[in-house]
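# Analysis of the macromolecular model
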Amino acid sequence: MTSKDLGGGAGFSLRGAIKPRKLFCLAIAISGVLFAQEPSRVIVFGAHPDDCDLGAGGLAAKLSRAGHKVKFVSVTNGDAGHQDMGGGPLAKRRRAEAQESGRRLGIEYEVLDNHDGELLPNLDVRQQIIRRIRTWNADVVIAPRPNDYHPDHRYTGVLVQDAAYMVVVPNVTPDTPPLRHNPVFLYMQDHFQKPAPFRPDIAFDIDDVWDTKMDALDAHVSQFYEWLPWVAGDLDKVPKDPAERRQWLSKRETHEMTPAVRQSLVKWYGAGRADRIRHAEAFEVCEYGKQPGDDEIRKLFPVLGK
Ligand SMILES: [Zn+2]
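Calculation rules
Residues numbered from 1 in each chain as written. Predicted model: local features only at pLDDT ≥ 70, side-chain atom pairs only at ≥ 80, totals over all residues. Heavy atoms only, no water. Helix = DSSP H or I, 4+ residues; strand = E, 2+ residues; numbered from the N terminus. Polar contact = N/O pair within 3.5 Å; in protein donor to acceptor, adjacent residues only side chain to side chain. Contact = heavy atoms within 4.5 Å. Donors = N, O, S within 2.8 Å, 3.2 Å for Na, K, Ca; no water. Tetrahedral: all angles 85-135°; square planar, octahedral: opposite > 155°, others 65-115°. Buried < 20%, exposed > 50% of the residue type's maximum accessible area, 1.4 Å probe, protein only. Core = buried A, V, L, I, M, F, W, Y, C linked by side-chain atoms within 4.5 Å.

Turning our attention to the side chain of N114. Relative to the assigned elements, N114 resides in the loop between β3 (108-111) and α5 (123-136). Of note is the side chain of N114, whose polar atom sits 2.8 Å from the backbone oxygen of V75. A polar atom in the side chain of N114 sits 2.9 Å from the side chain of Q128. With residues near it in sequence (within four places) discarded, N114 still touches V75, T76, N77, L119, V125 and Q128.

We now examine the coordination of the zinc ion. For a metal with four donors in a tetrahedral arrangement, the ideal angle between donors is 109.5 degrees, while six donors in an octahedron ideally sit at 90 or 180 degrees. Protein coordination at the zinc ion: the donors are H48 (ND1), D51 (OD), D51 (OD) and H153 (NE2), at 2.1 to 2.4 Å from the metal. The coordination sphere of the zinc ion comprises 4 donor atoms, whose angles at the metal cover 54 to 126°; the geometry is irregular. Of note, the donors binding the zinc ion are all from one chain and are spaced H-x2-D-x101-H. Here the residue H48 occupies a position in the loop between β1 (41-46) and α3 (51-65), and H153 occupies one in helix α6 (residues 151-166), the gap between them amounting to 105 residues. Judged by its relative accessible area of 6%, H48 is buried. Residue classification places H153 among the buried residues on the basis of a relative accessible area of 12%.

Right, let's talk about the nonpolar core for a bit. Core analysis: the largest hydrophobic core is formed by 50 residues, its most contacted members being F72, I142, L186, F204 and F301. Among the elements that make up this core, the one with the highest residue count is α3 (6 residues). Aside from chain neighbours lying at most four places away, what touches F301 is V42, L59, L63, V140, L186, I202 and F204. Within the second largest apolar cluster, 23 residues are counted, among which are I43, I130, V141 and V160.

So this is what it looks like as structure tokens:
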């Protein structure tokens, strides 16, 4: 039997079983269940190609799987993050790693061409960020808090905060049409205590996408298997075998959950389920964008509580 015979036979029996009009109604009903609302549009900013992955890789994988739109933006090209290489060749390597990470997460990943280790919160970079948020037509914007040990992280936080109102102002960066509604701005989790500790307003169970998140990190070979272990002084502990080092990475990236994040999981998932969650990603609502209530948060993130 040829494939043509197979196709014709299958088509005939389907038509015999369900009338075309009923089939059409069924398709509409299924798509209505899958997308009772417009998919959410989320854009995440990190200072370096791997920062978004660390702070929101699990959320990105969850949203992408559910049909929502996610984009990662690295504000610098990462051309300073290595012990043996730097400049153009490193930027090229890291851009390729970011593309591979985006492919594994099922999202878009853009790397802006600002130098690593030299980022400043100036008007030029602010405009780059305003354009990205507008073009993505973002419902949610995620970024680091502006208190951090690394100046690039700190200034990425400042730059996104500085864009948090300007994205709706038509006379600012007029080459890109403004948004009509200010998005919700969220901060990624960190452990810095001054001037105020991170507050986990929203926490996501990422156990079901943990492997995908680790696959995304695994794509950044120059970082997780070379640069970061070199900085930590344990480069000799990285296994040579790709499968073994991937396992080593998963163990290294598994951190104890803070009581505040566990409490947030209880709020969003209920106590029974929250107690069993091993891996989570948490976010704090920034004061400068739209202030969402709990219902709106659930609407923006239908993956919550599932
Ligand atoms: Zn970084």
